[in-house]
Each structure stands twice: as structure tokens, then as C-alpha cells.
Amino acid sequence: MWRNLALFVIKNRRLLVGLLAAITVFMAWQARKVEMTYDFAQVVAPDDPDMVYFQQFKRQFGEDGNVLVLGMQDSSVYELGKFNQLHQLTDTLSQVEGVSGVLSVTRLPRLEKDTVNRTFRAVPIFQGPPRFQAELDSLMRVVNEQQFYKGQLISPTTGATLLALTIDPKYLNSSRREAVMAEILGHAHRFEKDAQIRLHYAGLPYVRATMTTKVASEMKLFVGLTIVMMALTLFMFFRTWSAVVFPLLIVLIVVTWCIGSMVLMGYKINLLTGLIPSIIIVIGIPNCTYLLSRYHYDYRKSGNQVLAMTRVVRKIGLVTLMNNTTTAIGFVVFCFTNIAILFQFGLVATINIYVAFLVSFILMPIIFTILPPPTTKQLEHLEAKPLIKLLEFFDYLVLERRRTVYLTALALAVLAGVGVSKVKSVSYMVDDLPKDSSVNSDLKFFEQHFNGVMPLEIVVDTGKAKGLLKLKNLERIDRLENYLRTLPVLTSPVSVVTALKASNQAFYNGSPEFYRLPDNSEKNYIFSYLARSQKQPGAEGNLTGKLLRSFTDSTMREARISLKIADIGSQNLDTLLTNQIRPQIDKIFKDTDLTARLTGTTIIFTKGNEFLIGTLKNSLLHAFILVGLVVLILFRSFRTVFFALLPNFFTLLLTGGIMGYFGIPLKPSTALIFSIALGIDGDNSIHLLAKFRQEMASNGRRVRAAISTTLSEAGTSMIYTSIVLFLGFSVFAFSEFGGTKALGLLMSASLLITNFSNLILLPCLLVTFEHGTNEDIIDQSSIRHYDDNYHAEDDDLELDLGRMKPNKS
């Protein structure tokens, strides 16, 4: 079959090149439509109970993660000139398309009692830019009397102040977000320059925009670095530019198909799918190098380009397909999850791994049968002289020092086990960004002055409609809020209770000592004022109604308590919620109908990471099963499955140990590498086992001779492939994202370890447990394609070289 495919490709080269060119143009046209996205919540399964409740919460109360904050700590901002510049900035930002609201000290409303209409009116404290410093100072005293905003806009301890911008969700999750953020930051930077006041930025819209920009820039960086790295590697191997340019051209075609396929499937580029183009280049190049090196080998024997290329496709077509299959297993297991971001990553990568195989097996034979034949100098790499002594040393260890190898492997496994025990599972909202990045430093600013900016929500259910009109329920909620204020990692809560306290303060003409819940005698007056206020036409009624709708449902049964929290990490957050907040809720709401549920983007993000890590562990198990199944189908031997999986388990164990000793936490980006590494490392195991089985069949089952021949012939290509993959994955170490950097370093480490596992440990196991008996009948039909010499030279006599001439039509 593979010979006929080779003949078909060479004979119909023009047709196939034209077809590939047409598809590539179409994919390139689609690829220009690709969009970026970064959604924290999409890692949680849509049918997860917490996710279902969070979606219900957003429908009821609106988005919780759409606030962008700008903060500053500079006493000069309260000087007349700079304050008016801040006033102008606030007005300008409120006019930006996509900004639905701005809350700033310069636009702060306060409630006033209208005794004539018996309502509350929301009146701006600053009717316009103040004209004199004395006027500013007087109005700032009024601002400081508004207890509702205490700790929200102005830090009571440091005097830092902030602006809170609410971004329209329609812009937040679309490509228009970039333009909105660019305009906001442009106005903010001009203010910084004119007022000489430094601004700090935080909030999920800013984090998402920053990470999206970095993902886009890093995707281009990685593609560029990978191409340069692969070009240098190819030139080092083959010493000819044709062996550099055309393999790179092939993988760039595949990258175009990759991005185009994402658009056609409706996917956007995120932190994971942004890595696929570079991964495809790294995985696609070994296909080309394997084909090219085998082509050079057969050309040196036959002296005929077409005949040599036909032999190559016939000999290594199946082995390369199986190698790509085991590589794809490391990605396809992610398709078994119901997590969108993982499913998309696995599906796109799997499809394009096979695309890389298909395109390389079509274009490489066509291109290199058209180009002039390789020169003697270009064939010098076949000698592989630098590796001969290394492989001879491996052969010596396997045949003469197996005890040393086993003891070394056991010692390394014990050390790795200790290292694995040190691995901690912890994640932060922005832990993928460098600690010294502006995002992290700005986040520390808000945690220092305002206790944090990450959203945390508590929904209190009174159990009955209009339950929030009962004073005893409000008092219980107030007790909970008073406790929450004592936690240093939380901001002051905002809820219907704080709104009622502000209303009570307004009822008593703004006196701060009346910022409390109304008592039974005051309650009816306050509620009647609020009811009339919502019916008022104009901004006052809209503001009052919006405030109540944001913190209660339409039946006045549920109350929302909105807080901000510091980015304290998943472990500390779980401790805070489980050991501190939840017990207090149970204590305060004991013997009542009140119940409370915690939700919000921060909780969903943390739960998503934990869920994702658990899913990736299952994916690794599935990968082991699938790789074992492939080995079983090929070799029809359970003992061979053991031989194939044990060295790869050893590789992953050592990789996990490295994580523990270097303090690399287990998080989605690092847990991801184990399945991928297993798929890639499994290629070498299958390749070596197949070659060994063939040598056993051809030399009368003499184990030691089969091992020596296997190492000398298969070892070179395995080391070359590992070098290509090692250099390719090492480019991820240049990432600004901690997870991506860890991915590159750990993948590179596993590729180095797998050379020990598959070229030393696996052959030792074969020498120890394969005794050269005739107990196992080797089924050559499934593995003969792995043997470079299986096809006799006379088999090629049946080939009619005239049939290989390309069609002119």
C-alpha cells in the first residue's frame, strides 16, 4: 500500500501541489479572522453545580468581573489644579464607548432627603470642578462623611484613591475590548504625564486585556524562535539550505492550516491554543528530518532519487504514522473532558498533528525528487560519527553494567518520589505573569491600600419573598458583614444593608453617627422613602432603583453581599472560605431560615484550576491506556506493553521530582505536560521495541546481538529526534507566563530523561527478561515496516520507473 501511495504522490505531483496550494490559500484567508480570548471561567464544566449557580447569579445581579480600577497614592491630587485634572479624566472616561459607568471621588453621589416629596435624591457632591481650594477642602469633608464609600474609593489609612470603571459585558468578551482598553489607557497615560501622578491598574478587564495582548505577542515570538531554532538544527544536521527551507515551508503551511482550522471550528486563541502553532512546528519537523535522512540513506545505496524516495515512503510510512499517533494520544485524551479550553486544545492539536504527517508525506517526496540529487558532502551526516562512541557506551552499559543501571534507576526513582511529595497544588489569579510584572506590582498596590480587587460574592437567601423587609433578617446579615470587615484580605462589603444604612444617614440629614440600620420605628419611613424614590423620573430614581436591583432580587428574597479579595492563592482561599467564613455563616444564621452561598469569578477560577488538575490526572491515565493499547495492537504481547510503559513512567516520575525540588507548583499549565510528554516519549519506546523485535526475528533470537544492532541503528535517529524536540520546546522558556515557561523547561527535561529511559533502561529490561526462547511467536506483519532492511533490494525490481513520471496535465 505504501509503495502505491508513493507512486501516486510522485506521479500526480502537480495535481497534489495545486490542491495543497488551494487549501492553504483558503486556510490563510480564514486565519486572518482569528480572535483572541481569555476567559477564566471556561475551565469549569458548564454542568458543574457551582458553575450553574454562578451563571444564575450573573443573570440575576449582573457581571461581577467587569470592573476596571485605576488607583493612585499622591496627596497632591487633592490640590485644586490636579484635582480638576482628575475631574476631567473622570468625565472623559465616562464618555468612552464600552464604559457603562465611572465611580470616582469627583463624581460621587450622596443621598439627600426630600421632605416635600418624601423621597431620597441622589445628588452629586461635586456639581462641577471646584473653583477654589477652600471649596475643594469643604467638599472633601462631605465626601469623608459618606460612610457608604468608606474603604471603597479612599483608603482610610493611606489616603490612596481609585476610580472604578464598569465595562459593558458586550465589549468585555469580544474583540472590541482591545479598542476600549486602549482608549482608556491612553487617557490615563495622558493624565499621568500632565499631572505627574502615577496610576496603578487592576481588575479582571485589565488582567484579561494584558494577558490577551501577551498571548498574541508570544505566539508570534514562539513561532519566530521555533523557526530559527529548527533552521539552525536542520542546517547542523544536513549542511544544505534545501534541507532547511523546504521542511520549514512545510510546517509553516501546517501552521496556516492550524490557525485556519481554529477559525472554521469557531475557536479563539487562548493561553493553550496559542501554543499549538509552535508545538506543531516542533512536532512536524521530525517527520521531515526522518524522511530526509532515510531518503539520503537509500539514495546512497541506489543512486536513483525516485527509487530512493519510493523505498523511504514504503519503509517508514507506517512507522511515522504510528509515531504521530502516539504523539497525538498525548493531546487527544484532552478531548475526553467536558472542559471547553482543554477540548479545543486537544482537538486542534490532534487534527493538525495528522495534517503535519499528511502534508510532509506529500510534499517531501515531491520536492526532493525535483531538486538535484544530494552531493557526497551532504550525505556525510549519515555516518553520525559524533554519536557512535556515545551509543557504544550505551551498549556497554546495557550488556555489561545492568546492575549499575538498575541501582542508578532505583536511586533516581526514590529521589524523584521524595521530590514528588514536595509538589504543592496552588494557583493564583495572575500567577502565570512574572512576579515583577506591572500587573502583579499594581495588584500589590491595591492589596496594600484596599485589601484587594478580585471579586467575591455571597448571596443570602431569606427563604421567603419580601424576607429582606424583616429587620431581624437584616440584622443577621449585618452581623455577618461586621465579621467580614475584620478579615484583612477582604474589602468592606457592599449590600442592601449598607444601602439601608446610607439611607438612614440621609434621613437624618447626612449625620455620620446615623449610618446604621433603621430600628423598628424608623424602618417604615425609610422603606417608604425608598419605594417612592424608585418611582421618581430622572437620574435620581434610576440610581436608587439600580442600586437596589444590584443587591436584591425582584421579590426581595435574596440579598447580594459584594466584596473584593486579595489574590491569596487557591490553598489560602479554600482555608478562608472553609475554616473561617463558612463556620461564621452557620453560627450567625443558626436557627433561622437564612442560608448563604459563596460564588463569584474568584471562586469559580480557583475551582476551575482544581477541577482542571483532576481532569488532567485522568487524562494521563487515559494516555497510558491508549499508548499501551497501541503497543498491544502492534506487538500482540502484554510483556511488551510493560516494557514500553515502565521507562516512560520512570521519565514522568523524574519530571515530577524535578518539579518538587525546584518548587514548581502543580497547576494546569504544569499538569498538562505529563500527557503530552507520554505521547512524545512513547514514540521512542515503540520505535526501539519494533527494531529490537525485527532483529530478534532476523538473527535467530540472539538478544545481545539484537540489542547492539538496535542501539546502533535506531539510537541515532532517536537522539536526533530528541535534540529537535528538546530545542523546539526550550523556546517556551522565554515566555513571560510562568506556566508556559515551566511547560518548556519540564518538557525539555523529560526529553533528556527519555534518552536514558529508552536507550539504557529499556534495553536493560529487554536483555534481562528476553531470554531468546521460542515461547513468543513474533507477528512480523504488524511491525515489519519498522525494519529498515526488511524489504529486499530485489523487491524494487518490480517497480516500473516509467510509471513514476509525473502527469503533465
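Residues numbered from 1 in each chain as written. Predicted model: local features only at pLDDT ≥ 70, side-chain atom pairs only at ≥ 80, totals over all residues. Heavy atoms only, no water.

A. Up close: the side chain of Gln146. Looking at the secondary structure, you find Gln146 in the loop between helix H5 (133-145) and strand S5 (161-167). We classify Gln146 as buried; its relative accessible area is 11%. Those residues in contact with Gln146, other than ones at most four positions away along the chain, are Arg110, Ile125 and Gln505. (Helix = DSSP H or I, 4+ residues; strand = E, 2+ residues; numbered from the N terminus. Buried < 20%, exposed > 50% of the residue type's maximum accessible area, 1.4 Å probe, protein only. Contact = heavy atoms within 4.5 Å.)

B. Summary view of the environment of Tyr299. Residue position: Tyr299 is located in helix H10 (residues 276-302). Overall, Tyr299 belongs to the buried group, its relative accessible area being 15%. Sequence separation between Tyr299 and Pro373 is 74 residues; the distance between their C-alpha atoms is 8.3 Å. Beyond its immediate sequence surroundings of up to four residues, Tyr299 is in contact with Asn304, Gln305, Ala308, Pro373, Pro374 and Leu379.

C. View of the pairing of strand S7 (residues 454-461). By the criterion of burial, S7 is predominantly enclosed, with 8 of the 8 residues buried. Alternating positions in S7 separate into two faces, Met454, Leu456, Ile458 and Val460 on one and Pro455, Glu457, Val459 and Asp461 on the other, with burial throughout. Looking at chain direction, S7 and strand S9 (residues 595-599) are connected through 5 bridges and run antiparallel. By the bridge assignment, Glu457 is partnered in S9 with Thr599. (Pairing = 2+ DSSP bridges.)

D. Spatial organisation of the packing of helix H8 (residues 204-238) against helix H24 (residues 703-730). Remark: H8 packs on H24, axes separated minimally by 9 Å, with the N-to-C direction vectors making an angle of 155°. When the interaxial angle is binned, H8 and H24 end up roughly antiparallel. Between H8 and H24 lies a crossing of right-handed hand. Seen from H8, the contacting residues are Met229, Met230, Thr233 and Phe237; seen from H24, they are Tyr720, Ile723, Val724, Leu727, Gly728 and Ser730. (Axes fitted to C-alpha atoms, helices over the stretch in contact; angles between N-to-C directions. Parallel < 35°, antiparallel > 145°, perpendicular 65-115°, else oblique. Left-handed = near helix turned anticlockwise from the far one by under 90°.)

E. Up close: unusual backbone geometry. A positive phi angle, close to 55°, is found at Arg118, a residue other than glycine. Topologically, Arg118 is positioned in the loop between strand S3 (109-114) and strand S4 (119-124). Backbone geometry places Asn509, a non-glycine residue, at a positive phi of 60°. Note on placement: Asn509 falls in the loop between helix H17 (496-507) and helix H18 (520-535). Its relative accessible area of 66% is what places Asn509 among the exposed residues.

F. Examining the sheet that holds S9 more closely. Here we have 3 strands laid out as an open sheet, ordered S8-S7-S9, and antiparallel in their pairing. A strand with exactly one partner marks an edge of an open sheet, and here the two such strands are strand S8 (558-565) and S9. Strand-to-strand twist in this sheet, taken as the mean axis angle between neighbours without regard to direction, amounts to 20°. Where S7 meets S8, 8 bridges bridge the pair, whose relative direction is antiparallel. Directly across from Glu457, in S8, lies its bridge partner Ser562. Each of S7 and S8 touches helix H16 (residues 471-484); the most contacted strand, S8, lies at about 5° to it.

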